[in-house]
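Examination of the molecular architecture
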Amino acid sequence: MLLIDCPYCKEMRPEVEFSHAGEAHIDRPADPSSLSDEEWESFLFLRSNRAGICFERWYHIHGCGRYFNAVRNNVSEKFILTYPAGQKRPSDAQIKGALS
Amino acid sequence: MSEFRTAKGGRICRKTPLNFSFDGQSYAGLQGDSLASALLANGVHFVARSYKYHRPRGIMSAGTEEASALVGIDRGKGRFDTSTRATTQELFDGLKAQSQHCWPSLKFDVGALTALGSPVMSTGFYYKTFMWPKAFWEWVYEPILRNLAGLGRAPKEMDPDNYSSIHAHCDVLIIGAGPAGLAAALAASQSGSKVILVDENNEIGGDLLNCPIAQIDGTNSWDWLAETEKQLASLPNVTILTRTTAFGYYDQNFIGVVQKLSDHLGSLENKPDNKTLRERLWKVRAKRVVLATGSIERPLVFAGNDRPGIMLATAAKTFLNRYGVKVGNRPLVITNHDSAYESAFDLAEAGVEVAAIIDRRAKISSKLVEQAGKMGIEILLGHTIVQTSGKHRVCSVRAAPVGENASIRKIKCDAVLMCGGWTPSVHLFSQSRGTLTWRDDIGAYVPNNYTQDATSVGACNGDFLMSQSLNKGAVAGLEAAVSAGAKAPKSTSYKVVNEALTSDIPVEEIGIFSTIGEGKAFVDFQHDVTAKDIGQAVREGFHSIEHIKRFTTTGMATDQGKTSNLNGLAIASAALERPITEVGLTTFRPPYTPTSFGVLAGYSRGDLFDVTRKSPTEKWAEQNGAVFEPVGLWRRARYFPKTGENMHEAVARECKATRTSIGISDASTLGKIEVVGPDAAEFLNRIYTNPWSKLGVGRCRYGLMLGEDGYIFDDGVVGRLSEDRFHVTTTTSGAPRVFARMEDYRQTEWPELKVWLTSITEQWAVIALNGPNVRKLIEPFVEGIDFSKDTFPHMAIREGMIFGVPTRLFRVSFTGELGFEVNVPSAYGLGVWQRLMEAGKKFDIVPYGTESLHMLRAEKGYIIVGQETDGTQTPDDMGMNWAIGKKKQDFIGKRSLVRSDMLAPNRKQLVGLMTNDANIVLDEGAQIMGEKSNVIPAKMIGHITSSYWSETLQHSIALAIIDGGRARMGEEIYISMPGGFYPARIVDPVFYDPEGERLNV
Ligand SMILES: [Zn+2]
């Protein structure tokens, strides 16, 4: 069972307190009605689904109730960084720094 | 005393005799015996039949790695354990054990005689033999196999034992309390850091228990052990757990550990308190893990290597030194490694005549030759065994020079002790996702790269000498102490004399096998896999080790190949003509040893299996004869039968009362969310399809919620309590996901909105009152609310008091009758309910459950999300375009509603169905066809979503979704059910009071 560092609680808590909430950094368009079918399809269905470093949303459902973002290696399963929702995607340098 | 029990020595208690039985025969053993040692002390070697060929099998080890001596242990009703290793079962007085895989008895077994013997049972036989004809599998093969095969029988009763679980956090978890683990514990504990030391045996010591002659720093090893145990036990920061197995190594040093607490105590059946625990699951999170898991001796693969009496060399030494049991009067040793000499010498020292040492190696150290000579033991160098004899126990072997089937010499013996080198136990390390590296000198894999904060010491790391274990263990413990903050830890070094022998293993001897001679040469003793089987698998085209493993099933038995994996790899490597390092490794998976379901379930059984949510009136319903059903986690009253009534009669009565006077129902399970803040209305505008800005204070509206994909997600009534406060209701089972969804958008998409959400499901009890007399019933008990028809219309909400309790009173209806939903604080729910029941007597008030609720709403064509919808229905499919705020720029799912397939003309639409025969109640889920046709494939045009007998209409009614259904009003369609095709007519889904007059009274 993984330990997850909630950026709001600022504590390592066991995985069972959290639920996964999909890929991070996909902003809901400001005016969906102005989008073409293709643009809407891309927002609605298309995800990067990469093996390795990925950006995910997590929900501290049995804790503070906050949604936050995480950088995780989905091959080793390890969490590399967690940060509040709305914060910019960490740079490669930041991820490298967190890994070392 | 039996002839096989030594006069002195061992760690058994000679003053405490124990009685036990095996296959009904009584025997005597001693306190401290394992079942295996007690059987051997009685001269019993033949204890099992093998899994596939039903060959006689004996005891092949003295520990966890046992693959042959698997027995059933009967600890009383419901306490029968199958495939228990006789070597790890501690003896207790009255123990009852029985053999497996044999019928009618161990000595006379039908399975061994039938054609299911050798030729048809070649490797892969499961995949090949029983393929044809198909019906034979069900009627012939399977029943025969089920009788003959299997791993013993499982108990049919419920497990009556108690299990518990505990979370533990520590600085250092040390797995294995042999010399390496003990030295690590001594060093690590000096800092005051929290240490947990676990060992699967009944006492700590590991290999020290087999080596009484060794001396550590001048102290006899057993005295050193006693001293160490005393010292560790005196430290408050050290927890020692024996009979405790670390079975799984998970992420971030999370280790699953099972502590066996009472399997050694005998039957718990007559324990009066019934509180004795059988096992405890420790969920350990350790900052650092020291793996001191030891190593396992490898069998040698030669013809006839599986007869009772043939065992690992170290097992004989353990039985002798630890249990005071001689495994035979004339044992013979076959080896390619020095360590087996230790067993021969110890036995000779104890007065046992060693028949010979057959060493496959042409050259050995002169010290061994010298010592054997002194003891009068003959050594045959460069020899191996080509045949063994003895029906139920080995009685002789035929030895020949390696690689030849000539110059054969017969040697009489009553036991054969084999050693093919040692394999470090890297199971847990591998589970931790560490990677291994091959070592030619020991012919085995050892830990290489760590992915978790752990270290391996001693034999599991390829360091087989006791001195290495102690010294490297001490270093590992010291490192752990330092990382846990020890200031000035003391380093220790140990000096050992008379330690057990070890040696390298010649490269050509690694996993060596010989199929020369007569008889099968076994690799996997538990699954009956031979060296030839592996060769055959390779010849049949299986080249990946994972495929070879699955095809032959080698290493796939409950012992997970502890003794067979490396030999299997080496044999595959030879057959594939590829170096062993290129053959790869199979995956190590938890659990390390078989683990009971009971301990994994722990407390989560019976009432504690899952949460049961109960509404405030649940007890009342129980007392008033309600029949319950689970709805999500909730326990809801389904109907309230009177004496003699069946469900149909009860529902008919409940519905009639509701339509003619008053029905009362507990709707507390509805999800409830309070949405508060200056932007509350705007927030709801975006969440729901409906518009909210103009909803007046004190009014309610039915709200429909979609996913971004445009499909119906949830629904419920929302009431506006003030400009900035809404009381939102959701479906019972949808409440958590609706709340999570609202929070998600609030926090991450629209953080600029000033709005706050609070789940209030548990805070408010909801009593739904429906029927023409409801107003008359409640009006006298309500304060502060004007009940006149015009000031408190349908779809309105008022705050006031009822029976002196604060209430949020909704005028809403899910039945089509005049309806009120009385929300009161949960603690008052039962009290208000009881007062309403009392006051309602004069109106013949009737409680109803979910069944009538569904019935009453279906008559009105009200959908239930999840019943009429399945996650692929749009508002238009449900005929609910009226719920969409057309002027809104956006809401969740709006954009998807104009995708081309969402606008397709022939989508499935909600309709009502009236059967031609009023009495036929259609099956929910039944498929609908446009024509009465048996042509395959039939064209389905939709299916039934809800179906009931309507007491009100005296006619069966159904809701359905049908292709382009709204344009087909009046058409006859056919429903396919087990009895045939049933005709029905498509009608409007509102069956009762289509004008809604009854709501507005
Ligand atoms: Zn949190």
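Note that the structure is predicted; figures quoted are calculated from it, not measured.

So, the overall build of chain A
Per the secondary structure count, chain A includes 2 helices and 6 strands. Listed by position from the N terminus, the elements making up chain A come as β-β-β-α-β-β-β-α. Judged by the C-alpha coordinates and their principal axes, chain A covers about 40 × 30 × 20 Å. Within chain A, the fraction of its 100 residues that count as buried is 36%. By element, 50% of the accessible surface of chain A is carried by carbon and sulfur atoms, the whole surface being about 5800 Å². The centroid of the 12 positive side-chain charges in chain A is displaced by 7 Å from the centroid of its 14 negative side-chain charges.

Regarding the interface of chain B and chain A
How big an interface is tends to be stated in terms of the accessible area lost upon association of its parts. Contacts between the two partners involve 28 residues from chain B and, on the opposite side, 28 residues from chain A. Carbon and sulfur atoms make up 43% of the area that chain B and chain A hide from each other, which totals about 2200 Å². Inspection of the chain B/chain A interface yields 5 salt bridges. A salt bridge links R28 of chain A to D890 of chain B; its shortest N-O distance comes to 2.9 Å. Tallying contributions element by element places helix α20 (residues 735–749) of chain B first for the side of chain B that touches chain A, with 9 residues. Class assignment of the residues belonging to the side of chain B that touches chain A gives a composition of 8 nonpolar, 7 polar and 13 charged.

Remarks on the pairing of strand β39 (residues 725–730) of chain B
All names here are of chain B. β39 sits mainly inside the fold: 5 of its 6 residues count as buried. Pairing geometry for strand β36 (residues 671–676) and β39, over 6 bridges, is antiparallel. Paired with K672 across the strands is T729, a residue of β39. As paired strands, strand β38 (residues 712–722) and β39 are joined by 4 bridges and run antiparallel to one another.

What about the coordination of the zinc ion?
Residues and elements named next belong to chain A. Around the zinc ion, the protein contributes the donor atoms C6 (SG), C9 (SG), H60 (ND1) and C64 (SG), which lie 2.0 to 2.3 Å from the metal centre. On the basis of relative accessibility, which here comes to 0%, the residue C6 falls in the buried class. Relative accessible area serves as the criterion here: at 33%, C64 is assigned to the partly exposed category.

Concerning the sheet that holds strand β41 (residues 764–770) of chain B
Residues and elements named next belong to chain B. Strand order in the open sheet formed by 7 strands is β42-β43-β44-β45-β41-β35-β46, and the pairing between neighbours is mixed. Each edge of the sheet is formed by a strand with only one pairing partner; in this case those strands are β42 (782–783) and β46 (846–847). Relative to strand β45 (residues 819–825), β41 runs antiparallel, the two sharing 7 bridges. Note on β45: the bridge partner recorded for N770 is G819. Running at roughly 20° to β41, helix α22 (residues 829–839) makes contact with β35 (663–666), β41, β44 (805–811), β45 and β46 of the sheet.

Quick notes on the packing of helix α8 (residues 339–349) of chain B against helix α9 (residues 366–375) of chain B
Residues and elements named next belong to chain B. Packing of α8 against α9 leaves a shortest axis separation of 11 Å and a crossing angle of 20°. The orientation of α8 with respect to α9, classified from their angle, is roughly parallel. Along this stretch, α8 crosses α9, giving a crossing that reads as left-handed. When α8 is examined against α9, the residues Y341, F345, A348 and E349 are found in contact with a partner set consisting of L368, Q371, A372 and M375.

Regarding helix α7 (residues 313–323) of chain B
Residue and element names in this part refer to chain B. The buried fraction of α7 is high, at 11 of 11 residues. All of the buried residues in α7 are A313, T314, A315, A316, K317, T318, F319, L320, N321, R322 and Y323. Of the residues flanking the end of α7, it is G324, one or two places downstream, whose phi is positive at about 65°.

Details of the environment of P751 of chain B
Note that P751 of chain B resides in the loop between α20 and β40 (756–759). C-alpha separation for the pair P751 of chain B and I12 of chain B, spaced 739 residues apart in sequence, amounts to 72 Å.

Topic: the packing of aromatic side chains
All names here are of chain B. Counting across every chain of the model gives 24 aromatic pairs over all chains. Ring-pair connections join several aromatic residues into one group, and the members of that group are Y53, F522 and F525. Cation over ring: K562 sits above Y592, and NZ or CZ is 4.3 Å from the ring centre. For R686, the ring lying beneath its charged end belongs to W750, and the centroid distance is 5.2 Å.

Regarding the domain arrangement of chain B
Residues and elements named next belong to chain B. Domain annotation for chain B reports domain 1 (13–115), domain 2 (164–295 + 424–489), domain 3 (299–420 + 504–517), domain 4 (521–585), domain 5 (667–844) and domain 6 (901–1000). Computed over C-alpha atoms only, the centres of domain 2 and domain 4 are separated by 31 Å. Contacts between the two partners involve 6 residues from domain 2 and, on the opposite side, 6 residues from domain 4. Here domain 2 packs against domain 4, burying approximately 520 Å² in sum over the two surfaces, 78% of which is carbon and sulfur. A per-residue breakdown of the area domain 2 buries against domain 4 is headed by H427, W438 and Y445, which together make up 83% of the total. The interface formed by domain 2 and domain 4 contains 0 residue pairs in polar contact (both at pLDDT 80 or more). Only β26 (435–439) and β27 (444–449) provide two or more residues apiece to the side of domain 2 that touches domain 4. When the residues that make up the side of domain 2 that touches domain 4 are grouped by side-chain class, the tally is 4 nonpolar, 2 polar and no charged.

Observations concerning the nonpolar core
Residues and elements named next belong to chain B. One finds L35, L173, V284 and F319 to be the most contacted residues of the largest nonpolar core, which totals 105 residues. When sequence neighbours within four positions are dropped, the list of residues in contact with F319 reads S34, A36, S37, L40, I59, S61, A62, M311, G324, V325 and V327. Within the second largest apolar cluster, 36 residues are counted, among which are L706, M880, F891 and M914.

Conventions and cut-offs
- Residues numbered from 1 in each chain as written.
- Chains lettered and ligands numbered in written order.
- Predicted model: local features only at pLDDT ≥ 70, side-chain atom pairs only at ≥ 80, totals over all residues.
- Heavy atoms only, no water.
- Helix = DSSP H or I, 4+ residues; strand = E, 2+ residues; numbered from the N terminus.
- Buried < 20%, exposed > 50% of the residue type's maximum accessible area, 1.4 Å probe, protein only.
- Areas by Shrake-Rupley, 256 points an atom, 1.4 Å probe, with all protein chains shown as cover.
- Lys, Arg positive; Asp, Glu negative; His and termini not counted.
- Charge placed at Lys NZ, Arg CZ, Asp CG, Glu CD.
- Contact = heavy atoms within 4.5 Å.
- Buried area = accessible area lost by both parts, 1.4 Å probe.
- Salt bridge = Lys/Arg side-chain N within 4 Å of Asp/Glu carboxyl O.
- Nonpolar A, V, L, I, M, F, W, Y, C, P; charged D, E, K, R; others polar.
- Pairing = 2+ DSSP bridges.
- Donors = N, O, S within 2.8 Å, 3.2 Å for Na, K, Ca; no water.
- Axes fitted to C-alpha atoms, helices over the stretch in contact; angles between N-to-C directions.
- Parallel < 35°, antiparallel > 145°, perpendicular 65-115°, else oblique.
- Left-handed = near helix turned anticlockwise from the far one by under 90°.
- Phe/Tyr/Trp six-rings, centres within 6.5 Å; stacked < 30°, edge-to-face > 60°.
- Lys NZ or Arg CZ within 6 Å of the ring centre and 35° of its normal.
- Domains from an automatic or database assignment.
- Polar contact = N/O pair within 3.5 Å; in protein donor to acceptor, adjacent residues only side chain to side chain.
- Core = buried A, V, L, I, M, F, W, Y, C linked by side-chain atoms within 4.5 Å.

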